[in-house]
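Each chain is listed here by its residues.
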Amino acid sequence: IGLDYKSDGLYVSSEGDTCGMPHYFRQSADKLAKAQRKLRHKTIGSKNYNKQQKRTAKIHRHIANQRKDFLQKKSTEIANQYSFVCVEDLNMKAMANRGFGNGKAILDNGYGMFLTMLEYKLHNKGGKLEKVDRWFPSSQLCSCCGFQNQEVKKLNVRTWICPKCGSIHDRDLNAAVNIKNEGLRILRSAA
């Protein structure tokens, strides 16, 4: 299977499945902000400050545990179903720091942690996680005929029609299929 990263979810698979990531940080943002505001008004080093600091840390821990639980379940589901998974080798830290305006969403979905979990689970089951080069033009290539469409470089283009073969492509699904095909090519050339 091929998995393409999706910032408002977690991934889109080459089978057409979309994994919707619950945004746990966004769900708890109001509660966390309230706890942090209370902490700001306490005297540093006092008993009340320490109590409020523990309450704030508990909310952070809860969000992290929710995220880890979800990612563990999703990675186990994929590792049980497939023995060979292809993904893009993305630099998540650089993507979060760039001016895309969705850095918090990128960091909230924990894609890097998901890949780490998936890799060790596949390895334990005798499978393999193949990382395709991040500069591979997965969303620009037509999965039917191989034509490279330069217009798809713009992130706002979500669907496009191949001028060569006339196929209609969803950007994320097409990228997932191309990632799978490239991963299989890498596997065959290594064998």
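Residues numbered from 1 in each chain as written. Predicted model: local features only at pLDDT ≥ 70, side-chain atom pairs only at ≥ 80, totals over all residues. Heavy atoms only, no water.

Quick notes on helix 6 (residues 111-124)
Quick reminder of the rule: Strands here are runs of E lasting at least two residues and helices are runs of H or I lasting at least four, both read from the DSSP assignment and numbered beginning at the N terminus. For a helix, the expected span equals 1.5 Å multiplied by the number of residues minus one. Each residue gets one of three labels from its accessible area relative to the maximum for its type: buried under 20%, exposed over 50%, partly exposed in between, using a 1.4 Å probe on protein chains only. Throughout, the arc means that of the directions going from the helix axis to the C-beta atoms.
A rise of 1.5 Å per residue sets the reference length of helix 6, with its 14 residues, at 20 Å; its end C-alpha atoms lie 20 Å apart and thus fit the reference within 8%. Looking at helix 6, one finds that the buried residues are Tyr 111, Phe 114, Leu 115, Met 117, Leu 118, Lys 121 and Leu 122. Projected onto a plane normal to the axis of helix 6, the buried residues spread over an arc of 165° and lie on a single side. Exposed and oriented more than 90 degrees from the buried face of helix 6 are Thr 116, His 123 and Asn 124. Backbone geometry just after helix 6 places Gly 126 at a positive phi near 85°.

Thoughts on the sheet that holds strand 2 (residues 11-13)
What counts is decided by this rule: Strands were regarded as paired on the criterion that DSSP finds at least two bridges between them. The criterion used for residue contact is that any of the two residues' heavy atoms lie within 4.5 Å. Axes here refer to lines fitted to C-alpha atoms; in helices the fit is confined to the stretch in contact. Angles between the N-to-C directions go from 0 to 180 degrees.
Strand order in this open sheet of 5 strands is 3-2-1-4-5, and the pairing throughout is mixed. Of all the strands in the sheet, just strand 3 (18-19) and strand 5 (128-132) have a single pairing partner and so form its edges. Of the pairings in the sheet, the one linking strand 1 (residues 2-5) to strand 4 (residues 84-88) comprises 2 bridges and is parallel in character. Each residue of the ladder has a partner; that of Gly 2, found in strand 4, is Cys 86. In the packing of helix 6 onto the sheet, contacts are made with strand 1, strand 2, strand 4 and strand 5, and the angle to strand 5 comes to roughly 140°.

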